[in-house]
Amino acid sequence: RVEAGSVWLTCDDASRALVLARLSEEAGFMLGTAETPAGRVTLDLQDVPLEQALATLLEGVPFSIEYAAERDENRRLAWVRVGALGSGAPAPGSEPALVPERHPTPERARAASIAVATEDLGDEGLQRRLTSADSRERAEAVGDLVADGEELTWLVSLATDDPDPEVRIAALEELEGEESYAALRTLIRALEDPEPAVVVRALEAIAFLGDSTLRAQIEPLADHRDASVRAALAETLEELEP
């Protein structure tokens, strides 16, 4: 249970990944995962701040938190990023990062690339192509990745943080049909992309999964400014009929 930024959470030998997913649903924040947090946890948290609950749940796992850039003084936790894309829990008293209103700038995307580049692919040629300044070369290289292990980490980063929409689309294509926690959360995050073509590709991948429980995640796109997104949404909702 989550109320006014405080958490009541009790579990006994439960999957850490499932507990995190349930907490994100209750607290209303999105998850970005470069890897599924492994392990099982036993917790009894009573009326603790949300950030403290996350730190306890994700002890030993790198993660970062970001807050929505609200106009008022209230701070709403908007994103929790887990795995190689996380930069460690915020230091006590530090200023929290704010979620940008638009897609990450090229400078921010390059910073994300540096973080993900620590995941060695074992293929120097492919790694060089994926970090090339030429977006066409990056998009072509994405096709040589598979959604598993370190390569999944790269796909997640490229699908959400690359500054070129063609690269993001290429990465989403490689994630199509994948039912892992990280892949699904990446598709959901892509629904907020400022480029309509990227959102359309994410919807197509979600339609391919055929999971009707995802309807609630995509229905808000009915008010999207772009007609192609609204059309893709209608087709996806038909595919997700119970």
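Rules behind the numbers
Residues numbered from 1 in each chain as written. Predicted model: local features only at pLDDT ≥ 70, side-chain atom pairs only at ≥ 80, totals over all residues. Heavy atoms only, no water. Salt bridge = Lys/Arg side-chain N within 4 Å of Asp/Glu carboxyl O. Buried < 20%, exposed > 50% of the residue type's maximum accessible area, 1.4 Å probe, protein only. Helix = DSSP H or I, 4+ residues; strand = E, 2+ residues; numbered from the N terminus. Pairing = 2+ DSSP bridges. Contact = heavy atoms within 4.5 Å. Axes fitted to C-alpha atoms, helices over the stretch in contact; angles between N-to-C directions. Parallel < 35°, antiparallel > 145°, perpendicular 65-115°, else oblique. Phe/Tyr/Trp six-rings, centres within 6.5 Å; stacked < 30°, edge-to-face > 60°. Lys NZ or Arg CZ within 6 Å of the ring centre and 35° of its normal. Expected span 1.5 Å × (residues − 1). pLDDT = per-residue confidence, 0-100. Left-handed = near helix turned anticlockwise from the far one by under 90°. Nonpolar A, V, L, I, M, F, W, Y, C, P; charged D, E, K, R; others polar.

**Comments concerning the pattern of salt bridges**
Per the stated rule, a full pass over the model turns up 13 salt bridges. Across the pair Arg1 and Glu3 runs a salt bridge whose closest N-O atoms are separated by 2.9 Å. Among the residues examined, Glu3 registers a relative accessible area of 41% and is labelled partly exposed. One salt bridge in this structure joins Arg201 and Glu176, with 3.0 Å as the shortest N-O distance. Within this pair, whereas Arg201 is found in helix α9 (residues 196-209), its partner Glu176 is found in the loop between α7 (165-175) and α8 (181-190), the two being separated by 25 residues in sequence. Look at Arg201 and you get buried, because its relative accessible area is 13%. Using a relative accessible area of 26% as the deciding quantity, one classes Glu176 as partly exposed. A network of salt bridges, in which partner residues are shared, links Glu173, Glu176, Arg201 and Glu204.

**A short note on the sheet that holds strand β2 (residues 6-15)**
A sheet is described by the order of its strands in space; here 3 strands give the open sequence β1-β2-β4, paired in antiparallel fashion. The open sheet has two free edges, formed respectively by β1 (2-3) and β4 (40-49), since each of these has just one partner strand. Here β2 pairs with β4 via 7 bridges, running antiparallel. Bridging from a neighbouring strand, Ala14 pairs with Val41 of β4. Packed onto the sheet, helix α1 (residues 16-27) meets β1, β2 and β4 and runs at close to 155 degrees relative to β2. Contacting β2 and β4, helix α2 (residues 50-57) crosses the sheet at an angle of about 165 degrees to β4.

**Some remarks on the packing of α7 against α9**
Taken N-terminus to C-terminus, the directions of α7 and α9 make an angle of 0 degrees; their axes are 9 Å apart at the nearest point. If you check the angle between α7 and α9, you find them roughly parallel. Of the residues in α9, those in contact with Pro165, Arg168, Ile169, Leu172 and Glu173 of α7 are Ala197, Val198, Arg201 and Ala202.

**Some points on the side chain of Arg189**
Within the secondary structure layout, Arg189 lies in helix α8. For Arg189, a relative accessible area of 12% puts it in the buried group. Residues within four places of Arg189 in sequence aside, it is in contact with Met30, Trp79, Arg81, Thr160 and Asp161.

**What about the pairing of β2?**
Pairing of β1 with β2 involves 2 bridges; the strand directions are antiparallel. For Val2, the partnering residue across the bridge sits in β2 and is Val7. Linking β1 back to β2 in an antiparallel pair, the connection comprises 2 residues, with Ala4 at a positive phi of about 50 degrees.

**Quick word on the packing of aromatic side chains**
Enumeration according to the criterion identifies 0 aromatic pairs in this entry. Sitting over the ring of Trp8, Arg1 keeps its end group 4.2 Å from the ring centre.

**Focus on α1**
One turn of an α-helix holds 3.6 residues; hence residues three or four places apart share an orientation. When the terminal C-alpha atoms of α1 are compared, their 16 Å separation across 12 residues agrees well with the 16 Å that a helix rising 1.5 Å per residue should span. Here α1 has its buried residues at Arg16, Ala17, Val19, Leu20, Ala21, Leu23 and Ser24. The first or second residue beyond α1 is Gly28, which carries a positive phi of 80 degrees.

**Re the confidence of the model for the protein**
In this model, the protein carries a mean pLDDT of 79, and residues with pLDDT of at least 70 account for 78%. For the stretch residues 85-119, pLDDT sits under 50, and the model shows 62 contacts to residues farther than four places along the chain or on other chains.

**Section: the packing of α1 against α2**
It is the contact of α1 with α2, at a shortest axis distance of 11 Å, that shows an interaxial angle of 170 degrees. Taken together, α1 and α2 sit at an angle that is classed as roughly antiparallel. Between α1 and α2 lies a crossing of left-handed hand. Judged by residue contacts, Arg16, Val19, Leu20, Leu23 and Ala27 of α1 engage Leu50, Leu54 and Leu57 from α2. Its residues assigned to classes, the contact of α1 with α2 shows 7 nonpolar, no polar and 1 charged.

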